[in-house]
Amino acid sequence: MRPLTEAETRAVFEKLGRYIGENIQLLVDRPDGTYCFRLHRDRVYYVSEKLLKGAASIPRDSLVALGTCFGKFTKTQKFRLSVTALDFLAPYAKGFGVAAKSTQDCRKVDPMAIVVFHQADVGEYVRSEDTLT
Amino acid sequence: MAAVRVEEVLAAAAQEQQQPRSVQVEKELELEFDLGNLLALDPNPPPAAALRGAGPRRESQLRALARDNVQLLAARLWELPAERADGAAGPLVARLPEPIFRLPREKPPPRPRPPTRWEQFARLKGIRRRKRTSLVWDEQAKEWRRRWGYRRAGGDPARAWLAEVPAGADPEEDQFAKLRRAKRERVARNELNRLRNLARAHRSAAAAPLHPTGHQSRQELGLAARVARVSTASLGRFQPRLPKEPAEPPSRDGGKKRRFQPLLGDLAAERGRQLELLRGMNSKKPALDITRAVNKQLREEDAEAAAAKGKKRAQRGKRGRRQQQRPGKRSGGGKKGGAARRQQQPAGGSSRRKKA
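If you're wondering where the values come from, they're calculated on a predicted model, not measured in any experiment.

What is the right way to read the overall build of chain A from this model?
Helix and strand counts for chain A stand at six helices and seven strands. When its helices and strands are written in sequence order, chain A yields β-α-α-β-β-α-β-β-α-β-α-β-α. Per element, the accessible surface of chain A, about 8900 Å² overall, is 53% carbon and sulfur.

Shown next, in the form of structure tokens:
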């Protein structure tokens, strides 16, 4: 287990930034406690300081996971975000939607096709009537 | 054929038995001998006809010549006074005379050492060395004693039982300790000066690239700065960083092993660093620093122009001077073009980034 290097931190923040924009600051700098990112066996964990101190005394081979796994670094050092991060990303998400077409179809389709359905209730529709096109 | 050969061999053997090989050698001119170097010089002209061509005949002639000369040298060596080395059963050893020929040096002669600080001063002031007598008259002992060393004139300094307190000194001060301390300091100063002179004599090659010359490349200056940083008593551990020096200290193993931040290090600092990183990422600053790019381009073009000028002057002389008017105009236009070209590219590149 070790902290992320600068390059790794940059990769993680870039990925997170695509989902939650500038709100990463709220993840890094929390009012209710010190949380940090740690790397253990190529997986990035988001863990509180208290938990980190406890986990520090576990031998490396015995430690399976700690805190919340946000994602992992692949063999070629690309960062893949995993679904376990959803709880932390949901409050700050830039938007929600359901994919209308599969990934392959999305690539072949014409520019004006619909790829995402934003399913919302009437209340939200009414609230964001002005911003809707 | 085998039969003939056998006969020949038998005949040769029979002849051998009858005539033992002679130790007499006939030479027209006497040989010159340098027995100290085990050298024998044969001034007789060799038979030219026999040495022509490379064949077994030539070989046998040369061998015969060598054999004769060695025979003469050996005969001379046996004439030398000899003795048994280790008692009666030891080997017989001849005592060689002094060598006549002086062989040249194997290694180059030592270079003259630079004068010490005292020698420089003495030369400057014109002080010459006065030869001192090795014995001094000792009034106390009424005899001639050495100037320094065992039983020196003036008594043994270690046995001095009286040390007067000088007029203005503190009465509580230990004079003996003071004398000892002074002596230790003198010895230390002498040793220091000796080592300094030695270093001065041996330097000049080791630290040459580190002395400022006024025209050193960026790499040389970087090397000098790095060496200077480590050249402290604690090997640069407590040395403050220069304004634009990177914060990472040089690794002990030369960068082979990766080093990471400590696991439970200063979490506040870590948070600060991450926020700083985020701020940099969010500020939407272009990755290219325009001023630096332009300056770099200008420098490159200046260097190219200077190199081209130098070449042309060497090659063409007068004609080159007239042609130099034109490249100035071309590079003036190129400067703006280069920076503008560079500015456009990254803007296009950043917009072309892949969606996750």
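Having put the structure on the table, let's press on.
Explanation requested: the packing of aromatic side chains in the structure shown.
Two aromatic rings are characterised by how far apart their centres lie and by the angle between their planes. All names here are of chain A. Counted under the stated rule, the structure contains ten aromatic pairs over all chains. Aromatic pair Tyr 46 and Phe 70: ring centres 5.1 Å apart, planes at 40°, arrangement tilted. With Tyr 46 in strand 3 (residues 43-48) and Phe 70 in strand 4 (residues 68-73), the pair connects residues that are 24 residues apart, well separated along the chain. Considered together, Tyr 46 and Phe 70 belong to a single accessibility category, that of buried residues. Relative to Phe 88, the ring of Phe 70 has its centre 5.6 Å away and its plane inclined at 45°; by these criteria the two rings are tilted. With Phe 70 in strand 4 and Phe 88 in helix 4 (residues 86-89), the pair connects residues that are 18 residues apart, well separated along the chain.

Would you take a moment to explain the interface of chain B and chain A for this structure?
Quite often, the size of an interface is put as the accessible area lost when its parts meet. Listed per partner, the contact involves 17 residues of chain B and 25 residues of chain A. Together chain B and chain A conceal approximately 2000 Å² of surface at their shared face, both sides included; 70% is due to carbon and sulfur atoms. On the chain B side of the contact with chain A, B:Leu263, B:Arg271 and B:Leu277 bury the most area, a combined 27% of that side's loss. On inspection of chain B and its partner chain A, the count reaches two salt bridges. In this structure, B:Glu270 and A:Arg38 form a salt bridge, with 2.9 Å as the shortest nitrogen-oxygen distance. Run the count over chain B and chain A and you get two residue pairs in polar contact (both at pLDDT 80 or more). Looking at side-chain class alone, the side of chain B that touches chain A contains ten nonpolar, three polar and four charged residues.

Quick question: what am I supposed to make of unusual backbone geometry here?
What is expected of a backbone is that most residues other than glycine have negative phi and most peptide bonds are trans. One non-glycine residue, A:Gln77, adopts positive backbone phi at about 65°. Structurally, A:Gln77 can be placed in the loop between strand 4 and strand 5 (79-81). You will see that B:Leu235, though not glycine, has its phi angle at about 55°, which is positive.

When you look at a nonpolar patch on the surface in this model, what are you seeing that I'm missing?
Residues A:Val122, A:Tyr125, A:Val126 and A:Leu132 make up a contiguous nonpolar surface patch of about 410 Å² in total accessible area. Relative to the elements of secondary structure, A:Tyr125 occurs in helix 6 (residues 122-127).

Explain the nonpolar core to me, please; I cannot follow it from the model alone.
The nonpolar side chains of a soluble globular protein tend to be buried with one another. With 20 residues, the main nonpolar core has A:Val12, A:Phe13, A:Leu16, A:Phe37, A:Val44 and A:Phe70 as its most contacted residues. Mapped by element, the contributors of at least two residues to this core are helix 1 (6-20), helix 2 (24-28), strand 2 (35-40), strand 3, strand 4 and helix 4 of chain A together with helix 7 (267-282) of chain B. Top contributing element to this core by residue count: helix 1 of chain A, with four residues. Listed in part, the ten residues of the second largest apolar core include A:Cys36, A:Tyr45, A:Val47 and A:Leu63.

Scoring rules and cut-offs
- Residues numbered from 1 in each chain as written.
- Chains lettered and ligands numbered in written order.
- Predicted model: local features only at pLDDT ≥ 70, side-chain atom pairs only at ≥ 80, totals over all residues.
- Heavy atoms only, no water.
- Helix = DSSP H or I, 4+ residues; strand = E, 2+ residues; numbered from the N terminus.
- Areas by Shrake-Rupley, 256 points an atom, 1.4 Å probe, with all protein chains shown as cover.
- Phe/Tyr/Trp six-rings, centres within 6.5 Å; stacked < 30°, edge-to-face > 60°.
- Buried < 20%, exposed > 50% of the residue type's maximum accessible area, 1.4 Å probe, protein only.
- Contact = heavy atoms within 4.5 Å.
- Buried area = accessible area lost by both parts, 1.4 Å probe.
- Salt bridge = Lys/Arg side-chain N within 4 Å of Asp/Glu carboxyl O.
- Polar contact = N/O pair within 3.5 Å; in protein donor to acceptor, adjacent residues only side chain to side chain.
- Nonpolar A, V, L, I, M, F, W, Y, C, P; charged D, E, K, R; others polar.
- Patch = residues over 30% accessible without salt bridge, like charges linked within 9 Å, V, L, I, M, F, W, Y side chains within 5 Å.
- Core = buried A, V, L, I, M, F, W, Y, C linked by side-chain atoms within 4.5 Å.

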